[in-house]
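Now for the letters of each chain:
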Amino acid sequence: MKSLRPAANYHTNTPSFGSKSIGDAFWSMLLAEHGLDANGVYTAKDPQQLDRITTYFEEIEPQAGRPARYVPRSVQIDLEGGVIGKLRGGTLGGLFPPDSWVHAESGAANNWGKGHYTEGAELAEGLLDLIRKQSEKCDALQGFQLIHSLGGGTGSGLGTLLLSKLREEEPDRMLATFSIMPSPVVSETVVEPYNAILSIHQLTENSDLTVCMDNEALHNINVKNLKKAHPEFSDLNRVVAQVMCGVSTSLRFPGQLNGDLRKLGMNLIPFPRLHYLLPSYAPLVSAETSAYQSLAVPELVAALFDRHNLLVACDPRMGRYLTAATIFRGNISSQEIEIAVQQLQTRNSSLFVDWIPDNVSITLCPVPPVDRKQAGVTLSNTTAIQELFRRVWNLYSAMFKRKAFLHWYTQEGMDEMEFQEAESNVMDLIAEYQQYEEGGGGGDESYAPSSIGQYEDETPSEY
């Protein structure tokens, strides 16, 4: 069985998400949606589940009495062997080919320089060969998908190194990332701002589409929306996996008003550098609350533009939407969705730039998530993402002007000029978002916070 839209995936598993990585949660959810067991054997009876399954899986023919199975087209990477060992010993350890697990021994020590120039660089050529072999199994390779964290050393340093090399080797393919940004409150290491700014510099130049998330927003969603008093890393990862599965729905299932990775980028990215997207998901409510909550289309659309359902700790009311892509799953009327989206834009017109017509796209897929009858995902390209970049830059500049912790990076062969270039690029990025926000419909004085993302108190953000 051949797929029209194959994609190759590679994950950098970072300790900041515990022993169960986001990639693990993502593949577990994909298995369930395609009717596969933990060994990749198909156990369901819905033809739609197999129609485009080779977007993410390779079919292995029956052999030696074993049934046919589907193997993920994926590479798992970490510079610390212990993390990979835990994942290989987990529930899905036998699902992936043995050669798809790659690790070093010494680790990156939360140092971008180690991941990008020394420890990571030693693995780079072998990783490219492995990714190349995976890519050759696709009959029409569309692009690559990277799941990584920007706070540590492997995801930030090695992750961006692979992106730059893939850009050189495959300049015509889409490079999409799901990037975990440092959280505004919870921090694993003091040098996270350095790693993040250096990574954003690389992502701005080499990524085509970057979906941003952070731990603090994920934690707040679990506590406030899902009513989990003490969420585990697996709870946070599950929310991310729901978004990732939602974004990839149109690649994996047939549907009305469907799209693919390149069409998604065409609708969302008006300028090459402004490719950072804020994801939201709905419904995000506890099991108890869902029994009393309406799933009417207007409520579902409103929830997708509510800041409480954003996976990034920023307030969309503090900027303007350049573009947005909505992806709906389940038995939903396209006419109802179009009316609901149009009404939301009309009520909140000041939050959408007026110089991009029809800037909210709609994708429909009749196949719902495993545990829901209906669901939706939105990817928003909004100038409010400045808040995220400014927050990281403020932490970065406070340390860099004192040269704090810089010696750990210079020991890996880096110099101060690289830090200055990265900082300058990020500041230029912030200025560009601000320029297009103001150029779209006047200054900030021309609009006030609207019903999008309304909340009880009057503070700009609870995060």
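Just so you know, these numbers come straight off a predicted model, no measurement behind them.

Focus: the overall build of the protein chain
Right, so step 1: A count of helical and extended segments in the protein chain gives 17 helices and twelve strands.
Right, so step 2: Per-residue burial for the protein chain yields a buried fraction of 60% across its 463 residues.
Right, so step 3: Long-range pairs, those at least 24 residues apart, make up 83% of the contacts in the protein chain between residues at least 6 apart in sequence.
Right, so step 4: Per element, the accessible surface of the protein chain, about 18,400 Å² overall, is 51% carbon and sulfur.

Structural notes on the side chain of Asn 206
Right, so step 1: Looking at the element boundaries, Asn 206 is found in helix H7 (residues 192-206).
Right, so step 2: Contacts of Asn 206, omitting those with residues within four sequence positions, involve Leu 163, Ser 164, Arg 167 and Leu 175.

Brief notes about the packing of H7 against helix H15 (residues 386-400)
Right, so step 1: Remark: H7 packs on H15, axes separated minimally by 9 Å, with the N-to-C direction vectors making an angle of 120 degrees. Put simply, H7 runs oblique to H15. Remark: the crossing between H7 and H15 carries left-handed chirality. In this structure, H7 contributes Pro 193, Tyr 194, Ala 196, Ile 197 and Ile 200 to the contact, and H15 contributes Phe 389, Val 392, Trp 393, Leu 395, Tyr 396, Met 399 and Phe 400.
Right, so step 2: Among the residues making up the contact of H7 with H15, the classes are represented as twelve nonpolar, no polar and no charged.

What to know about the pattern of salt bridges
Opposite charge on two side chains makes pairing possible when the charged atoms of those side chains draw close.
Right, so step 1: Summed over all chains, the structure comprises 15 salt bridges.
Right, so step 2: Among the ionic pairs, Arg 167 bridges to Asp 208, the shortest N-O distance being 2.8 Å. Of the two residues, Arg 167 sits in helix H6 (residues 154-169) while Asp 208 sits in the loop between H7 and strand S8 (209-214), which places them 41 residues apart along the sequence.
Right, so step 3: Taken together, the salt bridges that share partners define one network made up of Glu 33, Arg 252 and Arg 329.

Looking at the packing of aromatic side chains
Right, so step 1: Applying the stated criterion across every chain yields a total of 21 aromatic pairs.
Right, so step 2: Judged by centre distance (5.4 Å) and plane angle (75 degrees), the ring pair of Trp 27 and Phe 57 falls under edge-to-face. Placement of the pair is Trp 27 in helix H1 (residues 22-33) and Phe 57 in strand S2 (residues 57-60), with a sequence separation of 30 residues.
Right, so step 3: Between Phe 271 and Tyr 436, the ring centres sit 4.1 Å apart and the planes meet at 15 degrees, which makes this aromatic pair stacked. Taken together, the residues Phe 271 in the loop between helix H11 (261-268) and strand S9 (276-282) and Tyr 436 in helix H17 (residues 416-439) connect sequence positions 165 residues apart.
Right, so step 4: Among the aromatic residues, those joined into a ring-pair cluster are Phe 26, Trp 27, Tyr 56, Phe 57, Phe 96 and Trp 101.
Right, so step 5: Here the guanidinium or amino end of Lys 403 rests over the ring plane of Phe 400, the centre of that ring lying 5.0 Å away.

Some remarks on helix H13 (residues 297-304)
Right, so step 1: Those residues of H13 that sit buried are Val 297, Leu 300, Val 301 and Leu 304. What you see down the axis of H13 is that its buried residues fit within an arc of 95 degrees, all on one side.
Right, so step 2: Each element contacted by the buried residues of H13 is listed here: S9, strand S10 (321-330), helix H14 (334-347) and strand S12 (374-382).

Looking at the nonpolar core
Right, so step 1: Counting residues in each nonpolar core, the largest one holds 58 residues, and the members touching the most others are Tyr 194, Tyr 276 and Phe 419.
Right, so step 2: When residues no more than four places from it in sequence are discounted, the contact partners of Phe 419 are Tyr 194, Leu 198, Tyr 396, Phe 400, Leu 406, Tyr 409 and Met 414.

Let's talk about the side chain of His 201
Right, so step 1: Looking at the secondary structure, you find His 201 in helix H7.
Right, so step 2: In this structure His 201 comes out as buried when scored by relative accessible area, which is 16%.
Right, so step 3: Side chain to side chain, His 201 and Asn 425 meet in a polar contact 2.8 Å long.
Right, so step 4: For His 201, the residues in contact, after removing those within four places along its chain, are Glu 421, Ala 422, Asn 425 and Val 426.

Here's the deal with the environment of Ala 44
Right, so step 1: Inspection of the secondary structure puts Ala 44 in the loop between H1 and helix H2 (48-51).
Right, so step 2: Assessed through its relative accessible area of 27%, Ala 44 is described here as partly exposed.
Right, so step 3: Separated by eleven residues in the primary sequence, Ala 44 and Glu 33 have C-alpha atoms spaced 9.9 Å apart.
Right, so step 4: Sequence-distant contacts of Ala 44, defined by excluding residues within four places in its chain, comprise Gly 35 and Gln 49.

Some details on the confidence of the model for the protein chain
Right, so step 1: Residues at a pLDDT of 70 or more form 89% of the protein chain, whose mean pLDDT is 87.
Right, so step 2: The low-confidence segment residues 1-5 (pLDDT under 50) makes 19 contacts with residues lying over four places distant or belonging to another chain.
Right, so step 3: Between residues 12-20, whose pLDDT stays under 50, and residues either more than four places distant or in other chains, the model counts 36 contacts.

Looking at H1
Each α-helix winds once per 3.6 residues, and so residues spaced three or four apart point in a common direction.
Right, so step 1: For H1, built from twelve residues, the straight-helix expectation of 16 Å at 1.5 Å per residue is met to within 8% by its first-to-last C-alpha distance of 17 Å.
Right, so step 2: With ten of its twelve residues buried, H1 lies for the most part within the structure.
Right, so step 3: Backbone geometry just after H1 places Gly 35 at a positive phi near 70 degrees.

Rules and cut-offs
- Per chain, the residues get numbers from 1 upward, laid out in the order the sequence is written.
- Two thresholds apply to this predicted model, a pLDDT of at least 70 for residue-level local features and 80 or more for giving and counting side-chain atom pairs, whereas whole-chain, interface and lining totals are computed over all residues.
- Side-chain measures here rest on the full set of heavy atoms in the structure, leaving out hydrogens and waters.
- Put simply, DSSP marks the helices as runs of H or I at least four residues long and the strands as runs of E at least two long, and each gets a number from the N terminus on.
- Exposure classes here rest on a 1.4 Å probe applied to the protein chains alone. A residue is buried below 20% of its type maximum, exposed above 50%, and partly exposed in between.
- Two residues form a contact once any of their heavy atoms are found within 4.5 Å.
- To be clear on the numbers: accessible area is Shrake-Rupley with a 1.4 Å probe, and residue cover counts the displayed protein chains and nothing else.
- Helix axes are fitted to C-alpha atoms over the stretch in contact, other axes to C-alpha atoms as well, and angles between N-to-C directions run from 0 to 180 degrees.
- Geometric relationships in this document are graded by angle, where less than 35 degrees denotes roughly parallel, more than 145 denotes roughly antiparallel, 65 to 115 denotes roughly perpendicular, and other angles denote oblique.
- Definitions for this section: a left-handed crossing has its near helix turned counterclockwise from the far helix by less than a right angle. A right-handed crossing has that turn clockwise.
- Charged residues are taken to be Asp, Glu, Lys and Arg, nonpolar residues to be Ala, Val, Leu, Ile, Met, Phe, Trp, Tyr, Cys and Pro, and polar residues to be all remaining types, Gly included.
- Salt-bridge detection follows one rule: a side-chain nitrogen of Lys or Arg within 4 Å of a carboxyl oxygen of Asp or Glu.
- Each aromatic pair joins two rings of Phe, Tyr and Trp (for Trp, the six-membered one) with centres within 6.5 Å, and gets the label stacked for planes under 30 degrees apart, edge-to-face for over 60, and tilted for any other angle.
- Charges are assigned to positions over rings by a cutoff of 6 Å between ring centre and Lys NZ or Arg CZ, combined with an angular limit of 35 degrees from the ring normal.
- Throughout, the arc means that of the directions going from the helix axis to the C-beta atoms.
- The criterion is simple. A nonpolar core is a set of buried Ala, Val, Leu, Ile, Met, Phe, Trp, Tyr and Cys residues joined through side-chain atoms within 4.5 Å.
- Pairs of N or O atoms are called polar contacts if they sit within 3.5 Å, as long as, within protein, a hydrogen donor faces a hydrogen acceptor (for residues adjacent in sequence, only side-chain-to-side-chain pairs).
- The predictor attaches a confidence to each residue, and that confidence, scored 0 to 100, is pLDDT.
- Between the first and last residue of a helix there are one fewer steps than residues, each counted as 1.5 Å, and that sum is the expected span.

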